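Summary of the model geometry
Each chain is listed here by its residues.
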2 protein chains.
Amino acid sequence: MSLRSHEDVMKAVADPTRVRILKILEEGEMCVCQIIAVIALGQSTISKHLFLLRAAGLIKDRRDKKWIHYSLDGKSVNLYAGPVLRNLRKWLNDDPLVLKDRERAAMAREIGPIAICERGMSLPGRKTARCRPVYDRDAPAAR
Amino acid sequence: MSLRSHEDVMKAVADPTRVRILKILEEGEMCVCQIIAVIALGQSTISKHLFLLRAAGLIKDRRDKKWIHYSLDGKSVNLYAGPVLRNLRKWLNDDPLVLKDRERAAMAREIGPIAICERGMSLPGRKTARCRPVYDRDAPAAR
DNA sequence: CCACCATATCGTCAATTAACGAATTGACAT
DNA sequence: ATGTCAATTCGTTAATTGACGATATGGTGG
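This section reports on the structure supplied with the text. Keep in mind that what you see is a predicted model, and the values were worked out from it rather than measured.

Conventions used here
- Residues numbered from 1 in each chain as written.
- Chains lettered and ligands numbered in written order.
- Predicted model: local features only at pLDDT ≥ 70, side-chain atom pairs only at ≥ 80, totals over all residues.
- Heavy atoms only, no water.
- Pairing = 2+ DSSP bridges.
- Helix = DSSP H or I, 4+ residues; strand = E, 2+ residues; numbered from the N terminus.
- Patch = residues over 30% accessible without salt bridge, like charges linked within 9 Å, V, L, I, M, F, W, Y side chains within 5 Å.
- Areas by Shrake-Rupley, 256 points an atom, 1.4 Å probe, with all protein chains shown as cover.
- Salt bridge = Lys/Arg side-chain N within 4 Å of Asp/Glu carboxyl O.
- Lys, Arg positive; Asp, Glu negative; His and termini not counted.
- Charge placed at Lys NZ, Arg CZ, Asp CG, Glu CD.
- Buried < 20%, exposed > 50% of the residue type's maximum accessible area, 1.4 Å probe, protein only.
- Contact = heavy atoms within 4.5 Å.
- Axes fitted to C-alpha atoms, helices over the stretch in contact; angles between N-to-C directions.
- Least-squares fit on C-alpha atoms with pLDDT ≥ 70 in both.
- Near = heavy atom within 4 Å.
- Polar contact = N/O pair within 3.5 Å; in protein donor to acceptor, adjacent residues only side chain to side chain.
- Disulfide = S-S within 2.5 Å.
- Core = buried A, V, L, I, M, F, W, Y, C linked by side-chain atoms within 4.5 Å.
- Nonpolar A, V, L, I, M, F, W, Y, C, P; charged D, E, K, R; others polar.
- Buried area = accessible area lost by both parts, 1.4 Å probe.

**Focus on the sheet that holds strand β2 (residues 59-64) of chain B**
All names here are of chain B. Judged by pairing direction, the sheet is antiparallel, and its three strands sit side by side in the order β1-β3-β2 without closing on themselves. Because the sheet does not close on itself, it has two edges, and the strands there are β1 (30-31) and β2. As paired strands, β2 and strand β3 (residues 67-72) are joined by six bridges and run antiparallel to one another. Bridged to Asp61 within β3 is Tyr70.

Below is the structure:
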């Protein structure tokens, strides 16, 4: 446990997309297809993010039938993972994007993996506009 | 205080060089030329790192005569800075590179800014070999 | 034991980042 | 006022990163 593993964890939580994933996992485990639907980025992109989060010891996975469910790793081998997850739980709970993700995550949980995969890993969303919440670092501060 | 400022702080501590700087500042404030001598990277490189750490609210600066002294920012405006600094204080205290930096920092403090600047911002070091402690992410685990 | 399909991996591209040396800045001290 | 010099900013380069679409993998369920 030294600079190396510290770097892994900090780099993992330095990316807003990965933080968004961690924040929706706070509510409970989720399968990959659901995470893809909520975050609305390419499947390979999400897969890579999950790989990095797991490599950092922040999340763990479990297979159930055709689906792989990810969840926060409560007892990580990485010394730094626990405290970081505990801080995160207290933080960002009023961030607009995190809130929106939570809503979408709730929807994804209701719908369930089967229906989400059938729909091509997307959420219902509004009929007209493409509804994909994105993180824009340079967006004006929340209203 | 949301994803944006969280990102700033986490990105700041995701870089091992910046962590090394924070760890030597734990022992007390230091002027730029001393930090350069301890970390042994280019002057402009260190200056950039200090800029990012300050932008993240992790450190603050103070001018004394010709020298600018940096120190950990105990009461940062960035909500995330305090907890992160507090964690860091507990962490990495047995990392080989951090330990070596501490020795060099002690030396730099003894010598003082004046002498260090005269020496071209370097520490005495062993007579023969170029003695520059570097972080190698892929180095075999510490002996 | 085979086909399917959820997930992982690969290859590519654009954007970001960390390093360097050179040029600039600006406070101090004459 | 002005030269000095510690520190910052600039410009370049190589390495890393995040995104994508296409392809590969391997567990499930027939």
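**Observations concerning a positive patch on the surface**
A surface patch of positive charge is lined by Arg86 and Lys90 of chain A together with Arg86 and Lys90 of chain B. Tracing the chain through its elements places Lys90 of chain A in helix α5 (residues 81-90). Its relative accessible area of 61% is what places Lys90 of chain A among the exposed residues.

**With respect to the sheet that holds strand β2 (residues 59-64) of chain A**
Sheet strands associate in pairs through backbone hydrogen bonding, adopting either a parallel or an antiparallel arrangement. Residues and elements named next belong to chain A. Pairing is antiparallel in the open sheet, where three strands are placed in the order β1-β3-β2. One side of each edge strand has no neighbouring strand; the edge strands of this open sheet are β1 (30-31) and β2. Against the sheet, helix α2 (residues 16-25) makes contact with β1, β2 and β3 (67-72), and its axis sits at roughly 90° relative to β3, the strand it touches most.

**What about the relation of the copies chain A and chain B?**
When chain A is fitted to chain B, the best match, at an RMSD of 0.0 Å, comes from turning it 180° and sliding it 0.0 Å along the axis. The transformation just described matches what one would write down for a two-fold rotation axis. In terms of C-alpha distance to the rotation axis, chain A has Met10 of chain A as its closest residue, with the C-alpha 3.0 Å off the axis. Interface overlap between copies: 100% of the residues of chain A at the interface are likewise at the interface in chain B, consistent with a symmetric, same-surface contact.

**Section: the protein's contact with DNA strand D**
Around DNA strand D, 23 residues are found, and the nearest of them are Gly42, Thr45 and His49 of chain A together with Gln43 and Tyr70 of chain B. Considering DNA strand D, the proportion of its atoms within 4 Å of the protein that are sugar or phosphate atoms stands at 71%. Take Ser44 of chain A: an N or O atom from its side chain is 2.8 Å from a base oxygen of DNA strand D. The contact in question runs from a sugar or linking oxygen of DNA strand D to an N or O atom on the backbone of Lys66 of chain B, over 3.4 Å.

**Structural notes on the state of the cysteines**
Taken as a whole, this structure holds zero disulfides over all chains when the rule is applied. Free cysteine: Cys117 of chain A, not disulfide-bonded; nearest cysteine sulfur from Cys33 of chain A at 3.4 Å.

**Looking at the nonpolar core**
Residues Ile35 and Leu58 of chain A together with Ile35 and Leu58 of chain B are the most contacted members of the largest nonpolar core, which totals 82 residues. The contacts of Leu58 of chain B, once residues within four sequence positions are left out, are Val9, Ala12, Val13, Leu22, Leu53, Ser71, Leu72, Asp73, Ala81, Val84 and Leu85 of chain B.

**Looking at the protein's contact with DNA strand C**
Within the structure, DNA strand C sits among 23 residues, and Ser44 and Tyr70 of chain A together with Gly42, Ser44 and His49 of chain B are positioned closest to it. Sugar and phosphate atoms form 67% of the subset of DNA strand C atoms that lie within 4 Å of the protein. Contact between DNA strand C and Tyr70 of chain A: a phosphate oxygen at 2.7 Å from a side-chain N or O atom of the residue. The side chain of His49 of chain B places a nitrogen or oxygen atom 2.3 Å from a phosphate oxygen of DNA strand C. For the surface near DNA strand C, the elements supplying multiple residues, two or more each, are α3 (32-39), α4 (43-55) and β3 of chain A together with α2 (16-25) and α4 (43-55) of chain B. The greatest single-element share of the surface near DNA strand C, amounting to four residues, is contributed by α4 of chain A. Residues that form the surface near DNA strand C fall into these classes: eight nonpolar, eight polar and seven charged.

**What to know about the interface of chain A and chain B**
Much of the literature gives interface size as the accessible area that the parts lose upon coming together. With 27 residues of chain A at the interface, the matching set in chain B holds 27 residues. Each partner contributes to the roughly 2500 Å² buried at the junction of chain A and chain B, and carbon and sulfur atoms together form 62% of this total. When the area that chain A buries against chain B is broken down by residue, the three leading residues are Leu3, Trp91 and Arg137 of chain A, summing to 30%. In this assembly, chain A and chain B are joined by six salt bridges. Across the salt bridge formed by Arg137 of chain A and Asp8 of chain B, the nearest N and O atoms sit 2.1 Å from each other. In this assembly, chain A and chain B are joined by 12 residue pairs in polar contact (both at pLDDT 80 or more). Those elements giving two or more residues to the side of chain A that touches chain B turn out to be α1 (3-13), α2 and α5 of chain A. Broken down by element, the side of chain A that touches chain B gets its largest block of residues, eight residues, from α1 of chain A.

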